[in-house]
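What follows is the residue order along each chain.
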Amino acid sequence: MCVTAVESRPVGTLGSRSPSHRPFGARVKAFVALTKPRIIELLLITTVPVMFLAEQGVPDLKLVLLTCVGGYLSAGGANALNMYIDRDIDALMERTSQRPLVTGMVSPRECLVFGITLAVVSTLLFGLAVNWLSAWLSLGALLFYVVVYTMILKRRTSQNIVWGGIAGCLPVLIGWSSVTNSMSWAPVILFLVMFFWTPPHYWPLSMRVKEDYARVGVPMLPVIASNKVVARQIVLYSWVMVAVSLLLQPLGYTGWFYTVVALATGGWWLWEAHALQNRAKAEATGTKLKEMRLFHWSITYVSLLFVAIAVDPFLR
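Residues numbered from 1 in each chain as written. Predicted model: local features only at pLDDT ≥ 70, side-chain atom pairs only at ≥ 80, totals over all residues. Heavy atoms only, no water.

Enquirer: Would you take a moment to explain the nonpolar core for this structure?
Expert: Soluble globular proteins tend to bury their nonpolar side chains together. Trp269 and Phe306 are the most contacted members of the largest nonpolar core, which has 84 residues in total. Of the residues forming this core, the biggest block, 13 residues, is contributed by helix 11 (residues 185–208). Trp269 has contacts with Trp197, Pro200, His201, Ser238, Met241, Leu294, Trp297, Ser298 and Tyr301, leaving out every residue within four places of it along the chain. Counting residues in hydrophobic clusters, the runner-up holds nine residues, among them Phe31, Ala80, Leu101 and Met105. (Core = buried A, V, L, I, M, F, W, Y, C linked by side-chain atoms within 4.5 Å. Buried < 20%, exposed > 50% of the residue type's maximum accessible area, 1.4 Å probe, protein only. Helix = DSSP H or I, 4+ residues; strand = E, 2+ residues; numbered from the N terminus. Contact = heavy atoms within 4.5 Å.)

So, in structure tokens, the structure goes:
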């Protein structure tokens, strides 16, 4: 659940605005911002293609729509509750200083009610319109992100993003279960791909903004370890991720097209990961480290991989 945009803004202060200073249009935008739409885009990219894989063709488009709406509401509720819990440190971090609770465009009470409402509505929508397996998986992802990651892990351990990232892996299970109302090895493998993808996706971003995390005492790995150590971990996770991504073909779930895409995109990922490690070993700093190259490529990688998952059934 950990894709974030890097923005350069002055550090804000937690405040409140009177209703007269909170115009309707700005308020609507603020509530949408609470759901973190850019993060949810990536979650849907990992949900819908799995539905094509589960169906081995085009799934029921109504089912796809319901799954996307339910997924958006569930992830949006989780993100809103995350902002409610993290509003204290968000006010001190440059990257998050313009979030709705920090600026006062949305009050903490409004955010809490909004997040809980989305959680309830999304669970009922999944259960009544899709199936209850998908509903419980969706609710589990929400609770894992809010309770396990945000409340327990984030401020206590450098492994926060490793285990907290499980919440962002569950959409692949939801995509599969929404079509089949069951589980299989295919979504489990894709779950593991996303599990091993999350740390090397997020750690480069954390390297860029580690001063922000250090300021508020959040022990992201780049805060407590050198760039060399972080880069070595990125390479290790990257190799495991690429290896796991290649398991679908020998198990009979995908054909040649997915395998070619997985090899090509995975090979490029490993090239970028090792290049980052080499720059870290050479003690490059600042813009010379170029850590954001891997961060941006990681988003492209997962997008291409899952598009290949959707296309592959039509080429077998």
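Enquirer: Quick question: what am I supposed to make of the side chain of Thr150 here?
Expert: With respect to the helices and strands, Thr150 occurs in helix 8 (residues 132–153). We classify Thr150 as buried; its relative accessible area is 1%. In terms of polar contacts, Thr150 uses its side chain to reach the side chain of Asn82, at 3.0 Å. Residue contacts for Thr150: discarding those within four places in its chain leaves Asn82, Ile85, Asp86 and Tyr145. (Polar contact = N/O pair within 3.5 Å; in protein donor to acceptor, adjacent residues only side chain to side chain.)

Enquirer: What exactly am I supposed to notice about the pattern of salt bridges here?
Expert: Oppositely charged side chains are able to pair whenever their charged atoms sit close together. Applying the stated criterion to the full structure yields nine salt bridges. In this structure, the salt-bridge partner of Arg155 is Asp86, at a minimum N-O distance of 3.0 Å. With Arg155 in the loop between helix 8 and helix 9 (160–164) and Asp86 in the loop between helix 4 (61–85) and helix 5 (87–90), the pair connects residues that are 69 residues apart, well separated along the chain. For Arg155, a relative accessible area of 32% gives the class partly exposed. Accessibility expressed as a relative area gives 0% for Asp86, which makes it buried. Salt bridges here are not isolated pairs; linked through shared partners, they connect Asp86, Asp88, Lys154 and Arg155. (Salt bridge = Lys/Arg side-chain N within 4 Å of Asp/Glu carboxyl O.)

Enquirer: Which parts of the structure should I look at to understand the environment of Ser122?
Expert: Among the structural elements, Ser122 can be located in helix 7 (residues 108–130). Judged by relative accessible area, Ser122 falls into the buried class, the value being 0%. On a C-alpha basis, the gap between Ser122 and Gly77 in space is 8.5 Å, while along the polypeptide they are 45 residues apart. In this view, Ser122 contacts Gly70, Leu73 and Ser74; residues no more than four positions away in its chain are not counted.

Enquirer: How should the packing of helix 2 (residues 37–45) against helix 4 be read in this particular structure?
Expert: If you want to describe how two helices pack, look at the angle between their axes and the distance between the axes. Across the interface, helix 2 lies against helix 4 with an axial gap of 10 Å and an inter-helix angle of 135°. Considered as vectors, helix 2 and helix 4 are oriented oblique to each other. At the point where helix 2 passes helix 4, the crossing takes the right-handed sense. Residue-level contacts link Pro37, Ile40, Leu43 and Leu44 of helix 2 to Cys68, Tyr72, Ala75, Gly76 and Asn79 of helix 4. (Axes fitted to C-alpha atoms, helices over the stretch in contact; angles between N-to-C directions. Parallel < 35°, antiparallel > 145°, perpendicular 65-115°, else oblique. Left-handed = near helix turned anticlockwise from the far one by under 90°.)

Enquirer: Got a minute to help me understand the packing of aromatic side chains in this structure?
Expert: We describe a pair of aromatic rings using the distance from one ring centre to the other and the angle between the two ring planes. Per the stated rule, a full pass over the model turns up 11 aromatic pairs. Geometrically, the ring pair formed by Trp269 and Tyr301 is edge-to-face, given 5.1 Å between the ring centres and 65° between the ring planes. Residue Trp269 is found in helix 15 (residues 256–281), and its partner Tyr301 is found in helix 16 (residues 292–311); the two are separated by 32 residues along the sequence. Here the two residues Trp269 and Tyr301 agree in accessibility, since each one is buried. Each residue in the set Trp163, Phe195, Phe196, Trp203 and Tyr237 is aromatic and connected to the rest through ring pairs, giving one cluster. Here Arg87 stacks its cationic end above the ring of Tyr84, 4.3 Å away from the centre of that ring. (Phe/Tyr/Trp six-rings, centres within 6.5 Å; stacked < 30°, edge-to-face > 60°. Lys NZ or Arg CZ within 6 Å of the ring centre and 35° of its normal.)

Enquirer: How should helix 8 be read in this particular structure?
Expert: The principal kink in helix 8, of about 30°, is found at Phe144. Among the residues making up helix 8, those that are buried are Ser134, Ala135, Leu137, Ser138, Ala141, Leu142, Tyr145, Val146, Tyr149, Thr150 and Leu153. In this structure, the buried side of helix 8 is in contact with helix 4, helix 7, helix 9 and helix 10 (166–180). The N-terminus of helix 8 is capped by Asn131, whose side-chain oxygen sits 3.3 Å from the backbone nitrogen of Leu133. (Bend = angle between axes of the 7 residues up to and from the residue.)

Enquirer: Is there a simple way to think about the side chain of Thr47 in this case?
Expert: With respect to the helices and strands, the residue Thr47 is situated in the loop between helix 2 and helix 3 (48–55). What makes Thr47 buried here is its relative accessible area of 7%. Once residues within four sequence positions are removed from consideration, Thr47 is found in contact with Thr67, Pro171 and Gly175.

Enquirer: Can you walk me through a nonpolar patch on the surface in this structure?
Expert: There is a patch of nonpolar side chains on the surface, built from Val58, Leu61, Trp256, Val260, Val307, Val311, Phe314 and Leu315 and spanning about 770 Å² of accessible area. Residue assignment for the nonpolar patch shows that the elements contributing at least two residues are helix 15 and helix 16. If you trace the backbone, Trp256 turns up in helix 15. (Patch = residues over 30% accessible without salt bridge, like charges linked within 9 Å, V, L, I, M, F, W, Y side chains within 5 Å. Areas by Shrake-Rupley, 256 points an atom, 1.4 Å probe, with all protein chains shown as cover.)

Enquirer: Is there a simple way to explain the environment of Thr254 in this structure?
Expert: Within the fold, Thr254 resides in the loop between helix 14 (227–245) and helix 15. Separated by 81 residues in the primary sequence, Thr254 and Leu173 place their C-alpha atoms 17 Å from one another. Sequence-distant contacts of Thr254, defined by excluding residues within four places in its chain, comprise Leu53, Leu248, Gln249, Asp312 and Arg316. Polar contacts involving the side chain of Thr254 include one to the main-chain amide nitrogen of Gln249, which spans 3.3 Å.

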